[in-house]
Amino acid sequence: MARKLVFAVNGERFELAQVDPSTTLLEFLRTQTRFRGPKLGCGEGGCGACVVLLSTYHPVNGQVKEFSISSCLTLLCSINFCSVTTSEGLGNSEDGFHPIHERFAGFHASQCGFCTPGMCMSLFSALTNADKTSRPEPPGGFSKITKTEAEKAIAGNLCRCTGYRSIVDVCKSFAANVDLEDLGLNTFWKKGNKDATVCRLPRHGHKRICTFPEFLKSEIKSSMDILDNFKNMGLPECQWYRPTSIEELYELLNSDAFLESHVKLVVGNTGSGVYKENDLYDKYIDLKGIPELSVIRRDSGGVSFGAAVTISMAIEVLKQKNESELHSNERLVFSKIADHMDKVATPFIRNMASLGGNLIMAQRSQFASDVATILLAAGSTICLQTASERLVLPLEEFLQRPPCDDRTVLINIHIPFSTSVMESSSGAKGCIDSEPTKEANILFETYRAAPRPLGNAIAYVNSAFLAHVTSYNISGDLVIHNIHLAFGAYGSEHAVRARKVENFLVGKSVTASVLLGAIKLLKETIIPNEHTPHSRYRSSLAIAFLFKFFQPLLKDLSVPEKNVQMSVSSAAATIENSNGCISGFADDLPRRASNVKQLDQANNPDLILSSEQMVEFCKDYHPVGDPIKKTGVELQASGEAIYVDDIPSPKYCLYGAFVNSTRPLAHIKGIKFKSTSSSQKAFTFIGADDIPKGGQNVGLSCQYGTESLFAHSLTECAGQPLGIVIAETQRQANMAAKQADVQYCTENLEPPILSVEDAVRRSSFFKVPPFLCPQKVGDLSKGMAEADHKILSAEVKLGSQYYFYMETQTALAIPDEDNCILVYTSTQCPEIAQGTIAKCLGIPAHNVRVITRRVGGGFGGKGPRSVPVATACALAAFRLRRPVRMYLDRKTDMIMTGGRHPMHINYSVGFKADGKITALHVDILVNAGITADVSIIIPCNMVSALKKYNWGALSFDIRLCKTNFSTKSAMRGPGEVQGTFIAESVIEHVASFLSIDVNSVRKKNLHTYDSLMLYYEGSTGDAPEYTLPTMIDELASSASYFDRLEIIRHFNSCNKWRKRGISLVPVVYQVVLRPTPGKVSILTDGSIVVEVGGIEIGQGLWTKVKQMTAFALGQLWVDGSQNLLDRVRIIQADTLSLVQGGLTAGSTTSEASCEAVRLSCNVLVDRLKSLKQSLEDKTGSISWDTLIFQANMQSVNLSESTYWVPEDASISYLNFGAAISEVEVDVLTGATIILRTDLVYDCGQSLNPAVDLGQIEGAFVQGIGFFMCEEYLENSDGLVISDGTWTYKIPTIDTIPRQFNVKLLNSGHHEKRVLSSKASGEPPLVLASSIHSATREAIIAARMEFSSPTGSDSSSSFRLEVPATMPVVKELCGLDNVEKYLKNLVSSHQVKA
Ligand SMILES: Cc1cc2nc3c(=O)[nH]c(=O)nc-3n(C[C@H](O)[C@H](O)[C@H](O)COP(=O)(O)OP(=O)(O)OC[C@H]3O[C@@H](n4cnc5c(N)ncnc54)[C@H](O)[C@@H]3O)c2cc1C
Ligand code: FES
Ligand code: FES
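As the structure is a prediction and not an experimental result, all values here were calculated from the model. (Residues numbered from 1 in each chain as written. Chains lettered and ligands numbered in written order. Predicted model: local features only at pLDDT ≥ 70, side-chain atom pairs only at ≥ 80, totals over all residues. Heavy atoms only, no water.)

Participant: Would you explain the overall build of the chain in this entry?
Facilitator: Of the regular secondary structure elements, the chain holds 43 helices and 45 strands. A compact globule built from 1393 residues would reach a C-alpha radius of gyration of about 34 Å, and the chain, at 32 Å, matches this within 12%. With respect to the principal axes defined by its C-alpha atoms, the chain has extents near 105 × 90 × 75 Å. Taken over 1393 residues, the chain has a buried fraction of 66%. Counting only contacts in the chain whose residues sit at least 6 apart along the sequence, the fraction spanning at least 24 positions is 79%. Counting only carbon and sulfur atoms, one obtains 51% of the accessible surface of the chain, whose full area is about 48200 Å². Across the chain, the mean location of the 136 positive side-chain charges is 1 Å away from that of the 146 negative side-chain charges. (Helix = DSSP H or I, 4+ residues; strand = E, 2+ residues; numbered from the N terminus. Rg over C-alpha atoms; globule rule 2.2 N^0.38 Å. Buried < 20%, exposed > 50% of the residue type's maximum accessible area, 1.4 Å probe, protein only. Contact = heavy atoms within 4.5 Å. Areas by Shrake-Rupley, 256 points an atom, 1.4 Å probe, with all protein chains shown as cover. Lys, Arg positive; Asp, Glu negative; His and termini not counted. Charge placed at Lys NZ, Arg CZ, Asp CG, Glu CD.)

As structure tokens, this is what we get:
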């Protein structure tokens, strides 16, 4: 009888007879169910957008297990007889939302909302599992989850909008040990009042979720011969096999049907997130049905894990505390292994990922595994089944063997008890002198240095050390009896034991000179393969780890390093630099081992984030100014909010995927497709030849210029689209596109322009129109002449930044009658998309309807860069006369969408001896890429940001270089981010030249109101509006800046290996308003529908517009008695309904949309006023409903549309803010922890403080990404190689400030602003440069610590690159500090001797 795949989703039964076995759970959920909560953000396990809860049921013991998984990697066939819960399953608009949804809404923790359902599921899973523990019952309304667990619950989920703080508050609100008062701004209670009690929160536990339906339990029980068949749930009809023994497995593998097939053995299938599959397998064999592979056994020698045991399960077992029979050494080792495994990937990966899968990837594919390294140090063995024999091998030997073939099966992994490993091993006992040992201690440590401390990032280097140390009665020396030193991930084929070093150390007592000897040998061992990025850094990390391990034992380090406890004003008191380093020693070690605390106080893996928000509310225009929750936020959380890819595919829909060029400049001679299973699935290919008659090969057409849709005969940059492959599903299209084999030829072509210098040599520039050329200030030569000192021709280089919106570019095009087309697209500029599509298809614009409801994150990347995607989709649909949709995979999105403008800057500055700058000249070469896009705004934006200080005279020469790179567009704060950074670099440079405090130089060069007027003519407003100087003073005082400066100096003088820095950075940010339409219509039932030009991209535009509509129409009742807020609905942008929508960009679209709506409302109010008066005269007071009813009866026009055009006098204005950031740098690893940020921002009279707060925090954290972690790398052809979550690291919850305090300043009435409000979307981003500056200060302290007596002047004369990643920071601190330090120790001992 044919078996069927049976499972449940949100309580609904699914039974499938035929499934393509390569179908992922996510693909199924999104295309074949009505559930849309799980989103596709990366498809490689790295973002958490797709997280769902998987529940399994054991028919014998009745146990239901629940855990989070990434549905993008989980194969559908592997969930037979399981139950899946998505965010909709927790709650929804029909059945009521879940408290998690409601808390996300109430804590303002969802902006674009694309990450939110995945966040909800990660949190739900953590709560469910915490509540299952035997911990004491928490007070009603709380979960058993602890604050720390709650914070970590979403550690693997990415959010690009919120900055995480508000999400952390949601998570913590469930923990009984949280002080609710400390949680952030929310709709449940007023900050400061005594209302912060759990009963005000949507109640946890109130809504019971059935994660495993009874019908499925009964079905499992009744349909199976429980013990035997439960495991045998293969689906041969689907080419999915689930053998129940090794014998059965080999029978299958050796059968004829399998010999010729492309077969994949799978357990969790998370490996496909690491190594992308570009072709299809014929058959899958699920190893989870083989009991032997899932057995966990403890015996007298150690513990064995079947290869299919998940990493999460291994952690649970290794952490079990009730193992009283275990020696403390074993407990220590096991718990350290578990702690390290806790940093492998993310919870939702670890729940699926098997130990065996990991080790096979490490052995076969050189995967930079953590598991292999730590198990290697622990002396593990593995059991392997090959086609002919079963072998038990030391892990080291297994790793060294040639890559095992795809018919070899890893059976289990044995971790021996460390004592037996260490004692049984002969080591080099003969070397130990003859004194009797008194104590024997096992030391075990693991380390990993990775861009993210809590995991979700592969380590630069990982290591684990196991040592047997003995101490002696007479001398008290610790002697190494035996040692294992394992290193991995540094760019080797696999993890290795540093055998030479081990042999050298055995029998020795640890002195500085012994350690130096060990390091010398280590350097000969740990040599990264050629082309490994940051190879010198990685080698130095290996040394640092060895040093960290031994430093507490160092015999000649007699005086322990002092440690400083910080005062309350510093976050540092509780902060430990964990950054991936795990360390600790057995309790019973001699005193010296406790020194580790001093060195590595960075040991607290707990996150414990804290925050404060100070917000001043304005009641003048109620409900404008109220911190109401975001419109539709619960729908976002439950997954019901509809994004473009959530619109059900129409009948006959096809799917497209781009084929992109990999060459920067070449003729295209042809495109062929490799003959593979996936290319056979392609339906057709659409390229430039498919442009209809009358149309043009145009992918973007706007006021700034035009660009081609597809390269025709010539490709001009790597990443350029050459055409699209069309197939029946998105996955088939993606895979088929990867089979494209493009023939290039470079004959008769000049070399491509792959640097701005090349562009200058070849005079390849985009022209900036005169009206967009920024104006110089003052007389440069005069300013230079006044200077006491000059710095000439200093260089700064800035790279790019990718938008990393969670929803990649997407569109759905549906052909309509009479040559019309409807295109749904995720765009910030539907109007431009409409015009471009019309031009491409050769049809009038009125034939093209572009609809955008909401965008899953934009940040500028869904501006012009979204248009080619919508156009390509429209072209394919038009050509094929069938609906076509495209949802770009993350890699394609990253290689073709470009990002922020990289640039080379050269400046000369003149200044007085006291730091007052008299003149600044800047030459800037901006890399704009191959087409103009909106690059012509960059010079103006840069100069505007640069003008934040009074330079005396300011001149510049900015050139927009046309290069053969992908087009760069406007990413949040375009130009302003770079301008601000240049300004800060100049200030820092001057300060270091003069050896004076950098912040005094900042202050000295801050504008007076007069100089501000000179620099920002027409934008300054009145003198009282220049709030920056007082804001800085108040911030310095409230954040105890000067006290902390002192404390930091003291800290740095007492700590060698950790250095701190603090910095205060101001921002002056000019914004410009653009004309914007708004339309308000009142329907007969009194409900109100509003259309605006702006697009809801997560910035809260709809919420503010709604508030404005309610306020403006509510003016009809002077007492504000009619609450109209709930009657207002803002509807999607539709280019045929509201014209001249323009572009959502530049931080001002919300206020402009609000103003357009306010004016429309004013007209309606005027129309209704007299009617209302006459009705009231007759009947007394009347309600809104009656008024509207009567208005309809009397044929009053109840719809009004306005095109608001800002007046010249108020078209631009300045925003002010400042931030103080304090960081701590781990000199040994280069890791930077942001201890604390205090940020103050002038929002005018905020239209919605909750929305503005979210914008400020989110922008700031995006700035952290630019300045500190996001490495945007291209190959020598300009092809982006940071092309996914593996290589491009945006901030996560563990990389944000540990203490994040934000104050929204209400600077009162601004006559020329929209209800006195100011923008908030972009300016706070640039304030993240305060973290970069603070890091620089910490590096200066490190360089001073390690500088030679003669070289101290070099401490501050260096450039800190952007982003200041771990390798960059460590390199500047000194890659050889450990050796320097040890050499000093040795020589000081020699001197003493
Ligand atoms: C986002 C992400 C982050 C990660 N981060 C880390 C990290 O920081 N550190 C780290 O160490 N690892 C990390 N990993 C790797 C992860 O641990 C492995 O992907 C996982 O352990 C593989 O197990 P699996 O069951 O999913 O294997 P599968 O994907 O099912 O299989 C992987 C490969 O192993 C083969 N295979 C599986 N089991 C066996 C067996 N018993 N015998 C023979 N062949 C077998 C399969 O055929 C396949 O080729 C990460 C993975 C992801 C997706
Ligand atoms: S989409 Fe699955 S983790 Fe990103
Ligand atoms: S709200 Fe998290 S990605 Fe937009």
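Now that the structure has been shown, the text picks up again.
Participant: In this structure, what is going on with the site of ligand 1? I would like to understand it.
Facilitator: Taken together, 36 residues lie near ligand 1, and Leu-265, Thr-270, Gly-271, Ser-354 and Asp-370 sit nearest. Separating an oxygen atom of ligand 1 from a backbone N or O atom of Gly-268 is a distance of 2.8 Å. Between an oxygen atom of ligand 1 and a side-chain N or O atom of Arg-364, the distance comes to 3.2 Å. Contact with the protein chains hides 96% of the accessible area of ligand 1, taken as 960 Å² for the molecule alone. Among the elements of the structure, strand E7 (263-266), helix H11 (271-274), helix H15 (355-365), helix H16 (370-377) and strand E13 (409-416) are those that each provide at least two residues to the shell around ligand 1. If you tally residues by element for the shell around ligand 1, the top one is H15, at five residues. Taken together, the residues of the shell around ligand 1 sort by class into 22 nonpolar, ten polar and four charged. (Near = heavy atom within 4 Å. Polar contact = N/O pair within 3.5 Å; in protein donor to acceptor, adjacent residues only side chain to side chain. Nonpolar A, V, L, I, M, F, W, Y, C, P; charged D, E, K, R; others polar.)

Participant: Would you take a moment to explain the UniProt feature "binding site: FAD" (unreviewed entry) in the chain for this structure?
Facilitator: Mapped onto the present numbering, the UniProt feature "binding site: FAD" (unreviewed entry) falls on Ser-354, Leu-355, Gly-356, Gly-357, Asn-358, Asp-370 and Arg-448. Of note, Ser-354 is situated in the loop between helix H14 (347-350) and H15. When residues no more than four places from it in sequence are discounted, the contact partners of Ser-354 are Val-267, Ala-307, Ala-308, Val-309, Thr-310 and Ile-311. Among the polar contacts made by the side chain of Ser-354, one reaches the main-chain amide nitrogen of Gly-357 at a distance of 2.9 Å. You can see Asn-358 is positioned in helix H15. Filtering out sequence-adjacent residues up to four positions away, Asn-358 remains in contact with Ile-311, Phe-367, Ser-369, Val-371 and Ala-372. (UniProt positions renumbered as here; feature names shortened; annotations may be inferred.)

Participant: Just checking my understanding: could you explain the pairing of strand E32 (residues 848-852) for this structure?
Facilitator: Working note: regular strand, side chains alternate between the two faces of the sheet. Counting buried residues in E32 gives four out of five residues, a clear majority hidden from the surface. As a crossover connection, the stretch from strand E31 (residues 820-825) through helix H27 (residues 830-841) into E32 is right-handed. By the bridge criterion, two bridges tie E32 to strand E41 (residues 1133-1134) in an arrangement that is antiparallel. Residue Thr-852 lies in a different strand from E41, and its bridge partner there is Ala-1133. (Right-handed = clockwise from strand over helix to strand, strands pointing away. Pairing = 2+ DSSP bridges.)

Participant: What is the right way to read helix H3 (residues 99-106) from this model?
Facilitator: In an α-helix, one turn spans 3.6 residues; hence positions three or four apart end up facing the same way. Summarising burial for H3: seven of the eight residues are buried, a large majority. Every buried residue of H3 is accounted for by Pro-99, Ile-100, His-101, Arg-103, Phe-104, Ala-105 and Gly-106. On its buried face, H3 is in contact with helix H2 (87-90), helix H4 (116-131), helix H6 (165-172) and helix H23 (633-638).

Participant: Even after reading the chapter, I still don't get the confidence of the model for the chain, so can you show me in this structure?
Facilitator: Any region with low pLDDT has predicted coordinates that should not be read closely. On average, residues of the chain score 90 in pLDDT, and 92% of them are at 70 or above. Segment residues 426-439: pLDDT under 50, and 26 contacts once partners within four positions in sequence are set aside and those in other chains are kept. With pLDDT under 50 throughout, residues 558-603 is counted as low confidence; its partners more than four residues away or in other chains account for 144 contacts. (pLDDT = per-residue confidence, 0-100.)

Participant: Honestly, the sheet that holds strand E27 (residues 740-745) in this entry has me stumped. Any pointers?
Facilitator: The strands making up a sheet are joined through hydrogen bonds of the backbone, oriented either antiparallel or parallel. Read from one edge to the other, the open sheet built from three strands follows the order E25-E21-E27, with strand pairing classed as antiparallel. Sheet topology places strand E25 (714-715) and E27 at the edges, where each strand pairs with a single neighbour. Across six bridges, the pairing between strand E21 (residues 666-673) and E27 is antiparallel. By the bridge assignment for E27, His-667 is matched with Cys-745.

Participant: Is there a simple way to explain the nonpolar core in this structure?
Facilitator: One broad trend across soluble globular proteins is that nonpolar side chains are buried collectively. Ranked by size, the top nonpolar core spans 290 residues in total, and within it Met-341, Phe-398, Trp-951 and Leu-1382 carry the most contacts. In this structure Met-341 touches Ile-311, Ala-314, Ile-315, Leu-318, Arg-350, Leu-355, Val-371, Ile-374 and Leu-375, once residues within four positions along its chain are discounted. One finds Ile-691, Ile-821, Ala-833 and Leu-841 within the second-largest nonpolar core, a separate group that totals 40 residues. (Core = buried A, V, L, I, M, F, W, Y, C linked by side-chain atoms within 4.5 Å.)

Participant: Is there a simple way to explain the pairing of strand E2 (residues 12-16) in this structure?
Facilitator: Of the strand pairs in this sheet, strand E1 (residues 5-9) and E2 are connected by five bridges, and their pairing is antiparallel. The partner of Ala-8 across the bridge, within E2, is Arg-13.

Participant: Explanation requested: the pattern of salt bridges in the structure shown.
Facilitator: Side chains carrying opposite charge are able to pair once their charged atoms draw close together. For the coordinates displayed, the defined rule picks out 68 salt bridges. Glu-1224 is the partner of Arg-1060 in a salt bridge, and the nearest nitrogen-oxygen pair spans 2.5 Å. Taken together, the positions of Arg-1060 in strand E37 (residues 1058-1072) and Glu-1224 in strand E43 (residues 1212-1226) put the pair 164 residues apart, joining distant regions of the chain. Residues Arg-1060 and Glu-1224 agree in their burial class; the two are buried. Connected through shared salt-bridge partners, Arg-30, Lys-39, Asp-645, Asp-646 and Arg-885 make up one network. (Salt bridge = Lys/Arg side-chain N within 4 Å of Asp/Glu carboxyl O.)

Participant: So what exactly am I meant to see when it comes to the packing of aromatic side chains here?
Facilitator: For any pair of aromatic rings, geometry is given as the distance between the ring centres together with the angle between the planes. Tallying each qualifying case throughout the model produces 38 aromatic pairs. Between Tyr-802 and Tyr-803 the ring centres are 6.2 Å apart and the planes differ by 65°, which places this aromatic pair in the edge-to-face class. The burial state of Tyr-802 is the same as that of Tyr-803; both residues are buried. Seen in terms of ring centroids, Tyr-802 and Phe-804 are 5.5 Å apart; in terms of plane orientation they differ by 75°. Their pairing is edge-to-face. The same class applies to Tyr-802 as to Phe-804, namely buried. One cation-aromatic arrangement involves Arg-890 over Phe-804; the distance from NZ or CZ to the ring centre is 4.3 Å. The residue whose ring lies beneath Arg-900 is Phe-1266, and the NZ or CZ to ring-centre distance is 5.1 Å. (Phe/Tyr/Trp six-rings, centres within 6.5 Å; stacked < 30°, edge-to-face > 60°. Lys NZ or Arg CZ within 6 Å of the ring centre and 35° of its normal.)

Participant: Sorry if this is basic, but what is going on with the UniProt feature "active site" (unreviewed entry) in the chain here?
Facilitator: Sequence positions flagged by UniProt for "active site" (unreviewed entry) are, in local numbering, Glu-1322. Of note, Glu-1322 is situated in the loop between strand E45 (1299-1305) and helix H40 (1323-1326). Here Glu-1322 is in contact with Arg-972, Gly-973, Pro-974, Tyr-1069, Gly-1146 and Ser-1147, once residues within four sequence places are set aside. Reaching out from Glu-1322, the side chain makes a polar contact with the backbone nitrogen of Gly-973 at a distance of 2.7 Å.

Participant: Explain unusual backbone geometry to me, please; I cannot follow it from the model alone.
Facilitator: Apart from glycine, the bulk of residues carry a negative phi angle, and the bulk of peptide bonds sit in the trans form. At the junction of His-622 and Pro-623, the peptide bond is cis and its omega measures out at 0° in the coordinates. Relative to the elements of secondary structure, Pro-623 occurs in the loop between strand E19 (610-615) and H23. The linkage connecting Val-1362 with the following residue, Pro-1363, adopts the cis geometry, with an omega of 0°. By the secondary structure assignment, Pro-1363 is in the loop between helix H41 (1329-1346) and helix H42 (1366-1373). Phi angles above zero are rare outside glycine, and Phe-81 is one such case at about 60°. On the secondary structure map, Phe-81 appears in the loop between strand E4 (64-70) and strand E5 (83-85). With a phi angle near 60°, Asn-819 is a residue other than glycine that sits in the positive phi range. Locating Asn-819 in the fold gives a position in the loop between strand E30 (810-816) and E31.

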